[in-house]
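In case you want the letters, here they are:
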Amino acid sequence: SGGSHKVRTSCPTRVAALLLTVAPTTSRPVAAAELTPMKIGVLRIASQAPFFMGVEKGYFAEAGIDAELVFFDAAVPATLAIASRDVDIAVIGFTPAFFNLAYFGGMVVIAGHSRELPGFPNTGVFASNKAWDAGVRTMADLKGRVIGLTTIGSTNHYAVARIGEKYGFDVNENHLVPAQGLGNLAAMLMGNQVDVASGAGTAFMGLIVKGQAHVIGWAGDEISWQSTGLASHPRVIAEKRAALQAIVDTYERGAAEYSAVLLDKNGDGTYKDPAKAEELLALISRWTSVPPNAIAQSLAYIDSRLDVGSIYEMVDWYRNQRMIEKETDPKTFIDLCFVEGHINIPADMKREC
């Protein structure tokens, strides 16, 4: 649904991982027939690495999950797939689509995913060659330019809007072009159909390394916020909570490995274990079709813990933009019980598990 592409055998190790008897954390092996089938909505970007690892390295099978990754080209279709129960859990962007579905009871966020923070090149702002040659080189230069987004109200829309506020212009006065997906957006930038594009770096770094576009800057260096999370449907949470917990736990395992191998570098910027880094970048490349050297230039900070206060801030911003219902209250759609250690939890929000 919503442009999804279901993958069961994208990687050669996929079938082997499920057919072999894998040694789980319990005292006896889990046979493939005993695994719980779960559909997980993801995008083909580097920040989804823990899910790719979970399938290819057999981590989901070890946790008792037969994971089917369902691919989307933007966060909004992934969100809609949760509401329609075409997936059990998905990586979602905190967008009006998410907040409005959550307001009407069709969505619950159960864990964090990527955060925009200084020094982590995740959501980027990129210039076409034509715009770059015309002098569009800084965030302040975005004023009045044609800006490409995946969708109106997307996390990359939020990013450039907040950057606009910082540099004294209203992004709504720009010509905004929704491409309806990262692939389309990258193609539009390469073809000079937009001056600037905002989106997940993985989709653009292939163009950058070939000289077909330019990096203006990274959203996380301008503003910090919780851009994405993991969400599910209230009925799925009620009926499959143990399986969802197993997915979150496996995600945390992959995220810890991703962070240790690719983000926790030596002081000179080199990897602490170059062989492991090369192996993991190659794995991500297989799932994203982006060269490993390009992936290495755009790696998100990912964490299962939510910056809860940041979500409240986004709700206020979208409410002021009249994109979401004014009564939207994060307390009603955040489940803090799947993960320990969430940060910036407002005083009036209790963690009752």
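It should be noted that the structure appears before, not after, this text.
Here the structure is a predicted model, which means the values were calculated and not measured.

The next subject is the overall build of the chain. Across its full length, the chain carries 15 helices and 14 strands. A compact globule built from 353 residues should have a C-alpha radius of gyration of about 20 Å, and the chain, at 20 Å, falls within 12% of that. Structurally, the chain occupies a C-alpha span of about 65 × 50 × 40 Å along its principal axes. Sorting the 353 residues of the chain into buried and exposed places 56% on the buried side. Summed over its atoms, the accessible surface of the chain is roughly 14,200 Å², and 51% of this surface lies on carbon and sulfur atoms. Computed over 31 positive and 37 negative side-chain charges, the inter-centroid distance for the chain is 3 Å.

Quick look at the packing of aromatic side chains now. Tallied over the full model, the rule gives 19 aromatic pairs. Here F51 and Y251 contribute two aromatic rings whose centre-to-centre distance is 5.2 Å and whose plane-to-plane angle is 25 degrees, an arrangement assigned as stacked. Here Y251 lies in helix 12 (residues 241-263) and F51 lies in helix 2 (residues 49-56), a separation of 200 residues in the sequence. Here F51 falls in the buried class, since its relative accessible area comes to 1%. Directly above the aromatic system of F71 lies the positively charged group of R44, at a separation of 3.8 Å from the ring centroid. One cation-aromatic arrangement involves R253 over Y59; the distance from NZ or CZ to the ring centre is 3.7 Å.

Moving on, we get to the sheet that holds strand 14 (residues 301-302). Strand pairing in a sheet is mediated by backbone hydrogen bonds. Such pairs are either parallel or antiparallel. Read across the sheet, three strands follow the order 12-6-14 without closing on themselves; strand pairing throughout is antiparallel. Two strands lie at the open edges of the sheet, namely strand 12 (225-226) and strand 14, each paired on one side alone. Across two bridges, strand 6 (residues 114-116) lies against strand 14 in antiparallel orientation. Across the sheet, residue S114 finds its bridge partner in strand 14, namely I302.

Time to look at the packing of helix 12 against helix 13 (residues 274-288). Between helix 12 and helix 13, the shortest axis-to-axis distance is 9 Å and the interhelical angle comes to 120 degrees. As judged from the angle between their axes, helix 12 and helix 13 are oblique. Here helix 12 runs over helix 13; the crossing is left-handed. Facing E257, Y258, V261 and L262 of helix 12, the residues of helix 13 in contact are K276, A277, L280, L281 and I284. A class-by-class count of the residues in the contact of helix 12 with helix 13 yields seven nonpolar, no polar and two charged.

Our next topic: the state of the cysteines. Taken as a whole and assessed by the stated rule, the structure comprises one disulfide. The disulfide that involves C337 links it to C353, with 1.9 Å between the sulfurs. Handedness of the C337-C353 disulfide follows from its S-S torsion of about -95 degrees: it is left-handed. In this pair, C337 is assigned in the segment after helix 15 (308-320) and C353 in the segment after helix 15, connecting sequence segments 16 residues apart. For C337, a relative accessible area of 21% translates into the label partly exposed.

Turning to helix 8 (residues 182-190), its buried residues are L182, L185, A186, M188 and L189. Down the axis of helix 8, the sector holding all buried residues measures 160 degrees, keeping them to one side. Positive backbone phi, at 60 degrees, marks N192, one or two positions downstream of helix 8.

This part covers the nonpolar core. By size, the foremost hydrophobic cluster in this structure holds 66 residues, and its most contacted members are I40, F51, L69, Y258 and L262. No other element matches the ten residues that helix 12 contributes to this core. When neighbours within four sequence positions are excluded, L262 is seen to be in contact with Y271, A277, L280, L281, I284 and L299. Counting 50 residues, the second-largest nonpolar core is a separate cluster that includes V136, A159, I216 and M314.

Ordered by their spatial adjacency, five strands build an open sheet running 9-8-10-7-11, and the pairing between neighbours is mixed. On the outer flanks of this sheet lie strand 9 (175-178) and strand 11 (213-218), each paired with one strand and no other. Strand-to-strand twist of the sheet, defined as the mean angle between neighbouring strand axes without regard to direction, takes the value 30 degrees. Two strands pair when backbone bridges link them, and strand 7 (residues 123-128) and strand 10 (residues 196-200) are joined in this way by five bridges, in the antiparallel orientation. Bridging from a neighbouring strand, F126 pairs with A197 of strand 10. Where helix 8 meets the sheet, its contacts fall on strand 7, strand 8 (146-149), strand 9, strand 10 and strand 11, and the angle it forms with strand 10 comes to roughly 150 degrees.

Analysis parameters
Each chain carries its own residue numbering, running from 1 in the written order of its sequence. Reporting of local features is limited, given that this is a predicted model, to residues whose pLDDT is at least 70; pairs of side-chain atoms are given and counted only at 80 or more, and all residues count toward the totals for whole chains, interfaces and linings. Water and hydrogen atoms play no part in the side-chain values, which are based on all heavy atoms of the structure. Every helix listed is a DSSP run of H or I at least four residues long, and every strand listed is a run of E at least two residues long, numbered separately from the N terminus. Only C-alpha atoms enter the radius of gyration; for comparison, a globular chain is expected to reach 2.2 Å times N to the power 0.38, where N is the number of residues. Per-residue accessibility, obtained with a 1.4 Å probe over protein chains only, is compared with the maximum for each type, and a residue is labelled buried under 20%, exposed over 50%, and partly exposed between these values. Here the accessible surface of atoms and residues is derived via Shrake-Rupley with a 1.4 Å probe, and residues count as covered only by protein chains that are part of the display. Charge counting treats Lys and Arg as positive and Asp and Glu as negative, with His and both chain ends excluded. To locate a charge, take NZ of a lysine, CZ of an arginine, CG of an aspartate or CD of a glutamate. Within 6.5 Å between ring centres, the rings of Phe, Tyr and Trp (the latter by its six-membered ring) count as paired, and their orientation is classed by plane angle as stacked under 30 degrees, edge-to-face over 60, tilted in between. Counted as over-ring charges are cases with an Arg CZ or a Lys NZ within 6 Å of the ring centre that also lie within 35 degrees of the ring normal. Strands are treated as partners if at least two bridges between them are detected by DSSP. Axes here mean lines fitted to C-alpha atoms, for a helix over just the part in contact, with angles spanning 0 to 180 degrees between N-to-C directions. With respect to orientation, any angle under 35 degrees is reported as roughly parallel, any angle over 145 as roughly antiparallel, any angle of 65 to 115 as roughly perpendicular, and every other angle as oblique. Crossings are classed by handedness, with left-handed meaning an anticlockwise turn of the near helix from the far one by less than a right angle and right-handed meaning a clockwise turn. What makes two residues a contact is simply this: any of their non-hydrogen atoms within 4.5 Å. Residues are grouped as follows: nonpolar covers Ala, Val, Leu, Ile, Met, Phe, Trp, Tyr, Cys and Pro; charged covers Asp, Glu, Lys and Arg; every other residue, Gly included, is treated as polar. Note on disulfides: each one is a pair of cysteine sulfur atoms within 2.5 Å. The arc in question is traced by the directions running from the helix axis to the C-beta atoms. Only buried residues count toward a nonpolar core, which is a set of Ala, Val, Leu, Ile, Met, Phe, Trp, Tyr and Cys residues joined through side-chain atoms within 4.5 Å.

Interpretation note: all reported values are geometric properties and have no functional meaning in isolation.
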